[in-house]
Amino acid sequence: MSRQNTTILEPAVTPSIILVHGFRGSPLGLSAIADDLRQTGYQVYVPPIPPFAGAGELKHYQPKDYVEYLAAYIRQHNLQRPILVGHSMGSIVVSAVAKHRPELINQKLVLLSPISVKTAKPFALVSPLAAIVPRPIVDYITTRYLFVPKDKTLFRETLQLTHECSEDQPPSRSAIAAATKFSTNYSIQDFLPVQKTLIIAGEKDRLIPQKKTIALAQQLQAELQLIPNSGHLHNYEKPHETAQLILDFIKN
């Protein structure tokens, strides 16, 4: 009897996921999403992003500096082409990595509350106040403006999380000012990643007009999911819905 050739298929490797938080954020702000993803078996990393949450300061706050910071994190943890998920300012960071170091990351990319265009002048003018106004005041003003659901309990919980993030090893005023310039001077339009992209945004995002995000999705030929009754802070308002949309995307 002749012996038939048998092809042995290697088991599929589940990619790891890196969640990248936004301006004045910390890993805590994405913890609910991270927990949901971990419960389905994914290895999830949530690094602090300079200059926040004890990440230290960058020599300069330019795209190349953030790209190298995340590239070094990937190398340090020996991650093999992880899926990047960036929220708000984090969407700029992961888009820059996708543009300049695509060989390091997965072919799938997720943008949460993306900075589809540069932030509007009123908010861009207010953002530098984060460097000089007491943190609790900035926390309240920004959360009150960005929060959408008419749910007092959820608002209080969101405000508390926002405050805990801003109090997590806060950076110097000069570092906040430098990060502010980065977050308001750049948008995803500066990088336009070519990976297969999922965009998740709150249907009532007050920071970035919905029409701009729809236009970005069309430009990138990205999948777009708008979460009802939520805004720029859907990571707090609708974390479980957000996690499920991420899972549906990366599993397909």
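Our subject is the structure that appears above.
All chains use their own residue numbering, which begins from 1 and follows the written sequence. pLDDT decides what is reported in this predicted model: residues at 70 or higher carry local features, side-chain atom pairs at 80 or more are listed and counted, and totals for whole chains, interfaces and linings draw on all residues regardless. Computation of side-chain values covers all heavy atoms of the structure but excludes hydrogens and water.

What follows concerns the overall build of the protein. Each helix is a run of H or I in the DSSP string that is no shorter than four residues. Each strand is a run of E no shorter than two, and both are numbered from the N terminus. For the protein, the count of helices and strands is ten helices and six strands. Here the protein holds 252 residues, and the buried ones make up 51% of them. We call two residues in contact whenever any of their non-hydrogen atoms come within 4.5 Å of each other. Restricting to contacts in the protein with at least 6 residues of sequence separation, those with at least 24 account for 77%. For the protein, the exposed surface amounts to about 12,600 Å²; the carbon and sulfur share of it is 53%. Relative accessibility decides the category of a residue: with a 1.4 Å probe and only protein chains considered, values under 20% of the type maximum give buried, values over 50% give exposed, and everything between is partly exposed. For the area figures, the Shrake-Rupley method with a 1.4 Å probe applies, and any residue is considered shielded solely by the protein chains shown.

Time to look at the sheet that holds strand β2 (residues 44–45). Within a beta sheet, neighbouring strands are joined by backbone hydrogen bonds and run either parallel or antiparallel to one another. Any two strands between which DSSP finds at least two bridges are classified as paired. Ordered by their spatial adjacency, six strands build an open sheet running β2-β1-β3-β4-β5-β6, and the pairing between neighbours is parallel. The sheet terminates laterally at β2 and β6 (223–227), the two strands that pair on one side only. Looking at chain direction, strand β1 (residues 17–20) and strand β3 (residues 83–87) are connected through four bridges and run parallel. Opposite I17, over in β3, you have I83 as the bridge partner.

For the purposes of this section, nonpolar cores are sets of buried Ala, Val, Leu, Ile, Met, Phe, Trp, Tyr and Cys residues that join through side-chain atoms within 4.5 Å. Counting residues in hydrophobic clusters, the biggest one holds 44 residues, and the most contacted among them are I18, V20, Y66, L70, L84 and I105. Considering each element in turn, this core owes the most residues, seven residues, to helix α3 (residues 89–100). Apart from the residues within four sequence positions on either side, L70 is in contact with V20, P47, I49, L84, V93 and V97. Within the second largest apolar cluster, 21 residues are counted, among which are Y42, V44, I246 and L247.

This brings us to the packing of aromatic side chains. For this analysis, a ring pair means two rings from Phe, Tyr or Trp (six-membered ring only for Trp) whose centres lie within 6.5 Å, classed as stacked if their planes differ by under 30 degrees, edge-to-face if by over 60, and tilted for the remaining angles. According to the stated counting rule, one finds eight aromatic pairs in the structure shown. Judged by centre distance (6.1 Å) and plane angle (90°), the ring pair of Y140 and F155 falls under edge-to-face. You can see Y140 sitting in helix α5 (residues 135–146) and its partner F155 sitting in helix α6 (residues 152–166), a full 15 residues away along the chain. The class of F155 is buried, set by a relative accessible area of 9%. Following the ring pairs from residue to residue traces out a cluster consisting of Y61, Y66, F182, Y186 and F191. We call a charge positioned over a ring when the NZ of a Lys or the CZ of an Arg lies within 6 Å of the ring centre and within 35 degrees of the ring normal. The ring of F249 is capped by K108, whose NZ or CZ atom sits 5.3 Å from the centre of that ring.

Mapped onto the elements of the fold, T242 is located in helix α10 (residues 239–251). The class for T242 is buried, based on a relative accessible area of 0%. Each polar contact in these results corresponds to two N or O atoms within 3.5 Å; when the atoms are within protein, one needs to be able to donate a hydrogen and the other to accept it, and residues that are neighboring in sequence are counted only if both atoms are side-chain atoms. Within the local environment of T242, its side chain forms a polar contact with the side chain of H234, the two groups lying 2.9 Å apart. When sequence neighbours within four positions are dropped, the list of residues in contact with T242 reads I33, L112, I200, I227 and H234.

Looking now at a positive patch on the surface. A surface patch of positive charge is lined by R144, K150, K204 and R206. K204 gets classed as partly exposed once you look at its relative accessible area, which sits at 47%. Surface patches are defined over residues having more than 30% relative accessible area and no salt bridge, joining like charges when they lie within 9 Å and nonpolar side chains (Val, Leu, Ile, Met, Phe, Trp, Tyr) when within 5 Å. Think of a salt bridge as a Lys or Arg side-chain nitrogen and an Asp or Glu carboxyl oxygen that are within 4 Å of each other. His is not counted, nor are the chain ends, whereas Lys and Arg count as positive and Asp and Glu as negative. Positions of charges follow a simple convention, taking NZ of Lys, CZ of Arg, CG of Asp or CD of Glu.

All right, on to a nonpolar patch on the surface then. The grouping of I137, Y140 and I141 at the surface amounts to a nonpolar patch, some 280 Å² of accessible area in total. Relative to the assigned elements, I141 resides in helix α5. Assessed through its relative accessible area of 46%, I141 is described here as partly exposed.

Our next topic: the packing of α5 against α6. Put simply, α5 and α6 touch, their axes get as near as 9 Å, and they point 135° apart. Regarding the angle of α5 to α6, the classification is oblique. When you trace α5 past α6, the crossing you get is right-handed. Counting all contacts with α5, which are made through R135, P136, D139, Y140, T143 and R144, the residues of α6 involved are F155, T158, L159, T162, H163 and S166. Lines fitted to the C-alpha atoms define the axes, with helices restricted to the stretch that makes contact. Angles between their N-to-C directions range from 0 to 180 degrees. Any angle between 65 and 115 degrees counts as roughly perpendicular, while under 35 counts as roughly parallel, over 145 as roughly antiparallel, and the rest as oblique. Crossings are assigned a handedness: left-handed for a near helix turned anticlockwise from the far helix by less than a right angle, right-handed for a clockwise turn.

Following the criterion strictly, the structure yields five salt bridges and no others. The salt bridge involving R24 is made with D139; its shortest N-O contact spans 2.7 Å. Of the two residues, R24 is situated in the loop between β1 and α1 (31–39) and D139 in helix α5; the sequence distance between them amounts to 115 residues. Comparing R24 with D139, the two get one shared label, buried. Of the charged contacts, one joins R135 and E167 as a salt bridge, the two residues approaching to 3.1 Å between their closest N and O atoms. Highlighted residues: R135 in helix α5 and E167 in the loop between α6 and α7 (173–185), separated in sequence by 32 residues. On the accessibility criterion, R135 (30% relative accessible area) is partly exposed.

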